[in-house]
Amino acid sequence: MATNGEVAMNGKGTGTPKSPLRKIATSDKHDGICHDMSASTVKAQTIDELHSLQRKKSAPTTPNKGIQGSFATISEEERQKQQLQSISASLASLTRETGPKVVRGDPANKIRPISKDHHAAVPAISVSDSSLKFTHVLYNLSPAELYEQAIKYEKGSFIASTGALATLSGAKTGRAPRDKRVVKDDETSEELWWGKGSPNIEMDEHTFMVNRERAVDYLNSLDKVFVNDQFLNWDPENRIKVRIVSARAYHSLFMHNMCIRPTLEELENFGTPDFTIYNAGQFPCNRYTHYMTSSSSIDLNLARREMVILGTQYAGEMKKGLFSVMHYLMPKRQILSLHSGCNMGKDGDVALFFGLSGTGKTTLSTDPNRYLIGDDEHCWSETGVSNIEGGCYAKCIDLSQEKEPDIWNAIKFGTVLENVVFDEHTREVDYADRSVTENTRASYPIEYIPNAKIPCVGPHPKNVILLACDAFGVLPPVSKLSLAQTMYHFISGYTALVAGTEDGVKEPRATFSACFGAAFIMLHPTKYAAMLAEKMQKRGATGWLVNTGWSGGSYGSGSRIKLAYTRKIIDAIHSGSLLNANYKKTNVFGLEIPTEVEGVPSEILDPVNTWSDKNAYNETLLKLAGLFQNNFATFTDYKIGKDNKLTEEILAAGPVF
Ligand SMILES: Nc1ncnc2c1ncn2[C@@H]1O[C@H](COP(=O)(O)OP(=O)(O)O)[C@@H](O)[C@H]1O
Ligand SMILES: C=C(OP(=O)(O)O)C(=O)O
Ligand SMILES: [Ca+2]
Ligand SMILES: [Mn+2]
């Protein structure tokens, strides 16, 4: 080939070109070597040295404060040692080793020498193979590091065109409430809600330990585990420290986004977690184990402050599992936990949006004209509201840039995109594609929403909006509620959705989920209801029922209320204009409905106007009223509040027919 800068022709070397081609100039040094002089050379002798130049050491986690007051801060080395000890203790098998040998970092990189005073594992009873090796701990990795781990090691992980991490949650693409178990012991048997309608399916302490050991053994058998130390609740007085041990970068990034991210300084003083999740989702539970009815098990032990996940990789289990824990811990402190979205206007007016999955909490709390406090889980204390989480978890089926620009724009680097379908070449996501699941999701840190309110706290709510997606099409688009009606509908927790994508299913199915979150509450619904009533009364909040579902007929003949109209209704609630509108009362449900709302056609405000077949409307209305009545029968024996007055009012606030 070409040598000395001359073009070789016909494979014959440099001698006699057939055509007079110009000689290609190389360098002015005539040493016979081709020099590329466009840039100066790097200061490295080997490729490894070059790689090491690329990565600057992170700032030390302990700013060198020296001696403060009379207390000397511990050395960085000592602090790191304590941190590893704490993680080793979390991962300890309770029947064998005191804790695995843990070491920080990726096992793909070099193993560090074993330090002489390594704390780990004087075997307690007997030793397992996993105690002979190191368990590498990938501790609070950054999103960039987690991307690399996911893409390198987790099948089905890809970078979408917007920079989000597209991933798969495996066989389970939604929560499995029937596989949730709660340890029943002396204390919880008294305190918690058990039996019909309750989400708490019992498990004994021993079986919990069997599953815990199974999860811990699985995690310790791996070369590496991910550990996230983070916080729940933006109210600093009631912050909970959580540790999540998991086997997938996907799970670690999801929780990085969903929980509150500690600053370096907060992480330094983290100490022992208040609650720990062992997520061994890839590994099934054992069907021969008592209480197991499938290969998935999500087990909560309040006494041990631990949760074990086996046999489901759906990340939402972790988020909602911690929410259950908050539904237990917070009411003990007279703080109400709420399955609601929350936002705040420029004047500090706060609104709560309660509703079951898919009714619009995330969509309607994400409002370009208001500050977002949170989309799903909140606390209401004596000082106001606080978000429990540090991120949002939006449904993204049929997501459109035009209708939901803030959510659309939040899907970028750092965001986890679950179970979506994308073009294999351009990596553009097709949000309409339901091939993997209808429940496609995006999880992003709350600061990805431009008008998020950080810290995510606010004053006492002015409006409490109950969202129901009524696929029967008989509830009005908006009603103003009395306190008793608010309680009646809060305890009922109604929504009706169309039955998924199954063929031939035309009838909408009613769901009643107490407190709009029966899957997550731990105490009897009336306990939360009584707290809500007391708080709303004390703070003068107004209750509203908003139907984000069907109008002009049931599913099949009518159509879903336009999101633009629902937004206008919500605007009128926020501005206060709806409070002073003219109202009339509906039959059967006795709801106060406005005669006018700015920007909304008046005829749709009373659903009877939108049905062409008035008989069908009346029949459907009575049918729904009957479903409400049947559902509420379970609660008629319970007293709410200090006297019987409120209880009687609540019972009278249901449909009359
Ligand atoms: N009128 C409406 N109000 C609210 N959401 C609507 C409406 N019409 C359609 N939708 C769609 O319904 C879904 C509501 O889901 P989401 O806000 O994630 O519910 P949640 O947070 O309560 O689970 C979104 O996909 C939204 O685009
Ligand atoms: C993540 C969930 O919540 P939502 O649909 O209310 O956003 C869920 O219920 O699993
Ligand atoms: Ca939910
Ligand atoms: Mn949501």
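Computed from a predicted model, the values in this text were never measured in an experiment. For every chain, the first residue of the written sequence is number 1, and numbering continues from 1 along that sequence. Following the order in which they are written, the chains are lettered starting with A and the ligands numbered starting with 1. In keeping with the model being predicted, local features are shown solely for residues with a pLDDT of at least 70 and side-chain atom pairs are shown and tallied solely at 80 or more, while totals for entire chains, interfaces and linings include all residues. Derived side-chain values reflect all non-hydrogen atoms in the structure, with water molecules and hydrogen atoms excluded from consideration.

J.: Would you take a moment to explain the site of ligand 2 for this structure?
T.: Residues in close proximity to ligand 2 include Arg175, Lys319, Lys320, His339, Ser357, Lys361, Asp376, Tyr393, Arg441 and Phe520, which together make up its full environment. Under the rule applied, a polar contact is a pair of N or O atoms within 3.5 Å (in protein, one hydrogen donor and one hydrogen acceptor; residues adjacent in sequence only if both atoms are side-chain atoms). Lys320 places a side-chain nitrogen or oxygen 2.6 Å from an oxygen atom of ligand 2. A distance of 3.4 Å separates an oxygen atom of ligand 2 from a polar atom in the side chain of Asp376. Method for areas: the Shrake-Rupley scheme with a 1.4 Å probe, in which residue coverage is limited to the protein chains shown. The protein chains hide 95% of the 290 Å² of surface that ligand 2 would expose on its own. When residues are grouped by polarity, Ala, Val, Leu, Ile, Met, Phe, Trp, Tyr, Cys and Pro land in nonpolar, Asp, Glu, Lys and Arg in charged, and all others, Gly among them, in polar. Here the residues of the shell around ligand 2 are counted per class, giving two nonpolar, two polar and six charged. Residue proximity to a molecule or strand is established when one non-hydrogen atom of the residue lies within 4 Å of it.

J.: Which parts of the structure should I look at to understand unusual backbone geometry?
T.: Note on backbone geometry: most residues besides glycine have negative phi, and most peptide bonds are trans. Cis geometry marks the peptide bond from Ile454 to Pro455, where omega comes out at -5°. By definition, any uninterrupted DSSP run of H or I lasting at least four residues is a helix, any uninterrupted run of E lasting at least two residues is a strand, and each is numbered from the N terminus. Topologically, Pro455 is positioned in the loop between strand E24 (441-445) and strand E25 (457-458). Even without a glycine there, the phi angle at Asp398 is positive, about 60°. Its location among the elements puts Asp398 in the loop between strand E20 (391-395) and helix H10 (405-410). The residue Asn419 is not glycine, and still its phi comes out positive at about 60°. Mapped onto the secondary structure, Asn419 falls in the loop between strand E21 (416-418) and strand E22 (421-422). Accessibility expressed as a relative area gives 1% for Asn419, which makes it buried. Any residue under 20% of the maximum accessible area for its type is buried, any over 50% is exposed, and the rest in between are partly exposed; the area is computed with a 1.4 Å probe on protein chains only.

J.: I'm lost on the coordination of the calcium ion (ligand 3) in this one. Help?
T.: Each angle at a metal carrying four tetrahedral donors should ideally be 109.5 degrees, and each at a metal carrying six octahedral donors should ideally be 90 or 180 degrees. Coordination of the calcium ion (ligand 3) by the protein comes from Lys320 (NZ) and His339 (NE2), over a distance range of 2.6 to 2.9 Å. For Na, K and Ca the donor cut-off is 3.2 Å, while for other metals it is 2.8 Å, and in both cases only N, O and S atoms qualify; water is not among them, so sites may look incomplete. Taken as a pair, the calcium ion (ligand 3) and the manganese ion (ligand 4) lie 5.8 Å from each other. Taken together, the positions of Lys320 in helix H8 (residues 316-332) and His339 in the loop between strand E14 (336-338) and strand E15 (340-344) put the pair 19 residues apart, joining distant regions of the chain. Each member of the pair, Lys320 together with His339, is buried.

J.: Would you mind going over the site of ligand 1 with me for this structure?
T.: For ligand 1, the set of nearby residues contains 16 residues, the closest of which are Gly358, Lys361, Thr362, Thr363 and Ile561. One nitrogen or oxygen atom from the main chain of Thr359 is found 3.5 Å from an oxygen atom belonging to ligand 1. For ligand 1, an oxygen atom lies 3.2 Å from a polar atom in the backbone of Gly360. Relative to its free-state accessible area of 580 Å², ligand 1 is covered by the protein chains to the extent of 88%. Of all the secondary-structure elements, those providing two or more residues to the shell around ligand 1 are helix H9 (361-365) and helix H13 (563-575). In terms of residue count, the dominant contributor to the shell around ligand 1 is H9 (three residues).

J.: Sorry if this is basic, but what is going on with the packing of aromatic side chains here?
T.: Geometry of an aromatic ring pair is reported as the spacing of the ring centres plus the angle between the planes. Ring geometry is summarised as follows: Phe, Tyr and Trp rings, the Trp one being its six-membered ring, pair when their centres sit within 6.5 Å, and such pairs are stacked at plane angles under 30 degrees, edge-to-face over 60 and tilted between the two. One pass over the full model with this rule turns up 20 aromatic pairs. Pairing Tyr494 with Phe628 gives two aromatic rings, centres 5.0 Å apart and planes at 50°, and the pair type is tilted. Separated by 134 residues along the polypeptide, Tyr494 in strand E28 (residues 494-497) and Phe628 in helix H14 (residues 614-632) bring together distant segments of the chain. Look at Tyr494 and you get buried, because its relative accessible area is 2%. One aromatic cluster is present, formed by Tyr488, Tyr494, Phe512, Phe589, Phe628, Phe632 and Phe635 through successive ring pairs. The criterion for a charge sitting over a ring is simple: Lys NZ or Arg CZ within 6 Å of the ring centre, and within 35 degrees of the ring normal. A cation sits over an aromatic face here: Lys101 above Phe134, 5.9 Å from the ring centre.

J.: Quick question: what am I supposed to make of the side chain of Asn301 here?
T.: Examined against the element boundaries, Asn301 turns out to sit in strand E12 (residues 297-301). In terms of polar contacts, Asn301 uses its side chain to reach the backbone amide nitrogen of Ala303, at 3.1 Å. Excluding anything up to four places from it in sequence, Asn301 contacts Val183, Glu205, Phe208 and Glu306. Whether two residues are in contact is decided by their heavy atoms, any of which lying within 4.5 Å being enough.

J.: For this particular structure, what's the right way to read the pairing of E20?
T.: Two faces make up the sheet, and in a regular strand the side chains alternate between them. Burial within E20 is extensive, with four of its five residues counted as buried. Relative to E24, E20 runs antiparallel, the two being bridged by five bridges. Within E24, the residue paired with Lys395 across the bridge is Arg441. A pair of strands is considered paired only if DSSP assigns at least 2 bridges between the two.

J.: Could you clarify how one ought to interpret the packing of helix H6 (residues 249-258) against H8 in this entry?
T.: The axes of two packed helices give the description: the angle between them and the distance between them. Closest axis-to-axis distance for the H6/H8 pair is 9 Å, and the angle between their directions is 40°. In terms of their interaxial angle, H6 and H8 are classed as oblique. Handedness of the H6/H8 crossing: right-handed. In contact with His251, Phe254, Met255 and Met258 of H6, H8 contributes Gly316, Met318, Lys319 and Leu322. The residue inventory of the contact of H6 with H8, partitioned by class, reads five nonpolar, two polar and one charged. For helices, the axis comes from a line fit to the C-alpha atoms of the stretch in contact; other axes are also lines fit to C-alpha atoms, and the angle between any two N-to-C directions lies between 0 and 180 degrees. With respect to orientation, any angle under 35 degrees is reported as roughly parallel, any angle over 145 as roughly antiparallel, any angle of 65 to 115 as roughly perpendicular, and every other angle as oblique. Left-handed is the label given to a crossing in which the near helix is rotated counterclockwise from the far helix by less than a right angle, and right-handed is the label when the rotation is clockwise.

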